[in-house]
Every structure is written in structure tokens, then in C-alpha cells.
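Topology and contacts: notes
One letter stands for each residue in the lines below.
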Amino acid sequence: MADGNSAREGGFVDTAIHVDVKDYYGKVLKNSGDLKSNACVAQAKPIPAFIRQALKKVHPEVSARYYGCGLVVPERLEGCRILDLGSGSGRDCYMLSQLVGEKGHITGIDMTEDQLDVARTYVDYHVKEFGYKKPNVSFVHGYIEALTEAGLEKSSFDIIISNCVVNLSPDKKRVLTEAYSVLKDGGELYFSDVYSSGRLTEEIKNHKVLWGECLGGALWWKDLLQLAEEVGFSPPRLVAASVITVDNKVLQDILADFKFVSATYRLFKIPKGNTKPSQVIYNGSIRGVEDSFQFDCQYTFKVDNVVEVDGEVATILSQSRFKEDFTFQPPGRPSEPCEAKPKAGIVDPFELVLQLKKQSPGSATGGCCSTKSETCCK
């Protein structure tokens, strides 16, 4: 499937894979019940109550055409400009539009017109439902590999999210490069996607159904680390992971021994070179996580507690939208008792799943972990 004829649209080459994916999501799938595996419905992290409330206000038809694989709601969104890569029917956009407020804005980009038609149909409905004076959501037809060609300005977004879409692209590096380009300095790419336990075979990558089901195009998780470094992002921070069980014997036979997980990573566009560790104190100002903010699988910040962080995390927190939520001081400074310094963070989502399974025997899924003696899983 990776080869074949392609059509040029707006300067970007529409590959055979893009054509197949558009057909799959525009014509084959009419609702989530048409999926042939559970790859696109696996939830990697429990959903907080205030987000569940926001989801309830999204129109049922929009939600019915939702094919995401995890939770894509980073923290501290008020007033932010957010871009949703592969926004589909717009479910995440409409949910996020409530969290950024009227002063924020959500842009959804998708290459499938049928999905965009559903999303655009309910713009006015959601304006009334949320009590806004005007829409704070817009939808753009285009490709996640060609954001600037679609009219999106460089350095214009605070946050980019993506939910089970990057795997559908035949050129992941170009997706990351374009995302890096349109992010502001200090901006974040926070995305959930499907990852494989190794580099997939050509047979799997060329299988149309497997690709459409988010499995055939899954990255080996180690390749994500390499691509992020090449593009210029900070090293990916693993937030959550859960096992994907295919539950389809025909597809499982083709996949053989390959394993898959749904995992959420956060990547930041921050200056390079500053690696000094720091002590940080979370002030509890982020909505929904006032008592405890799980930044990633390594660090969970409890309000008013002193935590020693490595130089990478110190730079992220001080150079991103989180800078007003923390107090920073040099490491080793006399203060209140400091939290035990965490061990090296987990970046392998399969390792995280195994750790979670040991913590909760009989369960193969979970949202977070801690390398300290206590667990942050709720």
C-alpha cells in the first residue's frame, strides 16, 4: 500500500496511503462500531471528572464518529491556541474549546472531507451549548505533513495535540517537523498514538485494513525518540501507556508476535544546552490538578512540596506555559524536606505497562506510574 499513484494537492503529494486512509475514515467507517480492532478505542489514562463533563456537551453525532486511542488533554489550557492534528469529526476540538475558554482558540486540521463536514455542521450548535458569543473553533482541510501549506502560521500555537493519527501518516518525521515549525517557543506537542514492539514488516505496513486500524503504520517506540531528536524537540516524556489487544484473529495472525500499546508522550520546543537541575515547588494553580500534577511517568508534583528535578525538566517547566505554576530554586538549597529524587524516567511504554501490571495484578492498563515508593496512579 505504501507504493502506487499519487495526486498533488496544494503542493503536497497525496500518496496512495493518504487515499486509502481517507476512504477508510470517510466511506468504510461510519461510526466507532465499524472498527475491526480496538486499537483506536483503547484509553491510556483515566478521564478526570471536569473533562467528562466537557465531553457530555459534545453533540452525539460528533462523538459517534470519534476514533481516538487515548486521552489528549494536557494541563493549563486557559487562553491557549491549540492545534489538533487529524481532528476528524471534531470531538476533541469541541471538548477543548470549553477548557481554553472564549479567549482561547482551537484549530482542527484533517484531510478527510467527510469527517470535516460532520465537524463543521455543529459549530453553531456548540457555540450555543457553551454559551459563547462567537466560535472559538475552526476547521481546516489539509495534511498533518503540510501544516504551513494549509495556511497555518509558523510559531503560532501554544499546544499541538493528536489522538491516534500520527501512525496514519507515511512520513512521521515530516509530521514532527511541521509541528515543530508552527509551535511557539516553549510550546508542546502532546499526543497519544499506537506504538509497536519492533519495526513492522512490509506485509503489515502494506495491509490496508491494518493501516486504517492504526496498527500497520505504528512506529517502533525507539524510532520516536530518534525522530524527535532529529527534528529538534526535547526528548519525549512518557505520560501514560496501555496494552492494545487486537481481538481479531485474522488480523492477529498477520501481526504474528508484534505487540502494540497506546502511549501518550509530551515533546517541547525549548532551548538546548541548559542542563542544570533545580528544586521546584508546585503552587497548585492548574485547574483540575490543584493538589497533585502528574507531569509525566517520572514526576508528580504535590502542591507546596519541594521536588528536585533534572535539568531537562527544569528547562521545560521554566520555559513553557507552566513557568507561572512553579517556584524555582537551586538544588540543595536548605528548605522544607525535599522529595526523594526520582530514578531515571521510563521512556519505553512496554516497560511502563509491565510495571503497572506488577502494581495491579490482573490489570494490563493504566495511566501513570512512579519510580518512588508511592504510586501516583488513582
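Rules and cut-offs
Residues numbered from 1 in each chain as written. Predicted model: local features only at pLDDT ≥ 70, side-chain atom pairs only at ≥ 80, totals over all residues. Heavy atoms only, no water. Salt bridge = Lys/Arg side-chain N within 4 Å of Asp/Glu carboxyl O. Helix = DSSP H or I, 4+ residues; strand = E, 2+ residues; numbered from the N terminus. 1 Å grid on protein atoms, 1.4 Å probe; cavity = no way out; pocket = protein on both sides within 12 Å on 5 of 7 lines; lining within 4 Å. Points joined across faces, edges and corners; volume = space filled by probe spheres on them. Nonpolar A, V, L, I, M, F, W, Y, C, P; charged D, E, K, R; others polar.

1. As for the pattern of salt bridges
This model, assessed by the stated rule, comprises 14 salt bridges. Here Glu230 and Lys173 are joined by a salt bridge, their closest N and O atoms 3.2 Å apart. Here the residue Glu230 occupies a position in helix 10 (residues 221-231), and Lys173 occupies one in helix 7 (residues 172-182), the gap between them amounting to 57 residues. A network of salt bridges, in which partner residues are shared, links Glu75, Glu188, Arg266 and Arg321.

2. Some remarks on empty space enclosed by the protein
Under the criterion given, the structure shown has two cavities of 30 Å³ or more. Estimated volume of the second largest cavity: approximately 50 Å³. Considering the residues around the second largest cavity, the lining is formed by Tyr94, Ser97, Val123, His126, Val127, Phe130, Tyr132, Pro135, Asn136 and Val137. For the lining of the second largest cavity, the secondary-structure elements that each account for two or more residues are helix 4 (91-100) and helix 6 (123-130). Of all the elements, helix 6 adds the most residues to the lining of the second largest cavity, at four residues. Of the residues that constitute the lining of the second largest cavity, the class distribution is seven nonpolar, three polar and no charged.

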